[in-house]
Amino acid sequence: SRELMLIKVKCGPKERQELMAISEIFRCKVCDISKSTVTIEIQGKWAKMAAFQEMLGDYCILEVARTGRIALRRESRVDTKFLEQLETKSL
């Protein structure tokens, strides 16, 4: 299972590079940008999203939208625990 979160952050041009660097570490996607805000898309486990929000503590978070947990049964029958271990190692 995984979640999707969109988070809008107040961010001027001076802070933008730092915010984008943090987003890259968490494998986020910047999906909108304006003169004063950046909207970021993040997907994954709840713990990853919580850690990302914590990293944004120095910024002004304007909006957050989350899907909640979603999942589909794997037709390939690949072991999910094995995939989670691979994902953990790559983070």
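Residues numbered from 1 in each chain as written. Predicted model: local features only at pLDDT ≥ 70, side-chain atom pairs only at ≥ 80, totals over all residues. Heavy atoms only, no water.

Trainee: Got a minute to help me understand the sheet that holds strand S2 (residues 29-33) in this structure?
Mentor: In a beta sheet, neighbouring strands pair by backbone hydrogen bonds and run either parallel or antiparallel. One open sheet accounts for 4 strands, arranged S2-S3-S1-S4; its pairing is antiparallel. The strands lining the two open edges of the sheet, one partner per strand, are S2 and strand S4 (60-66). The mean inter-strand angle of the sheet, taken between neighbouring strand axes irrespective of direction, is 20 degrees. Here S2 runs beside strand S3 (residues 37-44); their pairing, made up of 4 bridges, is antiparallel. Note on S3: the bridge partner recorded for Ile33 is Val38. Those strands touched by helix H1 (residues 13-25) are strand S1 (3-10), S2 and S3, and its axis lies near 5 degrees from that of S3. (Pairing = 2+ DSSP bridges. Helix = DSSP H or I, 4+ residues; strand = E, 2+ residues; numbered from the N terminus. Axes fitted to C-alpha atoms, helices over the stretch in contact; angles between N-to-C directions. Contact = heavy atoms within 4.5 Å.)

Trainee: I would appreciate a short explanation of the pattern of salt bridges in the present structure.
Mentor: Oppositely charged side chains can pair when the atoms bearing their charge come close. Evaluated as defined, the whole model comprises 2 salt bridges. The partner of Lys8 in a salt bridge is Glu63, and the shortest N-O contact between them spans 3.3 Å. A residue pair is termed long-range when its members are at least 10 positions apart, and Lys8 in strand S1 and Glu63 in strand S4 qualify at 55 residues. The exposure class of Glu63 is partly exposed, given its relative accessible area of 47%. (Salt bridge = Lys/Arg side-chain N within 4 Å of Asp/Glu carboxyl O. Buried < 20%, exposed > 50% of the residue type's maximum accessible area, 1.4 Å probe, protein only.)

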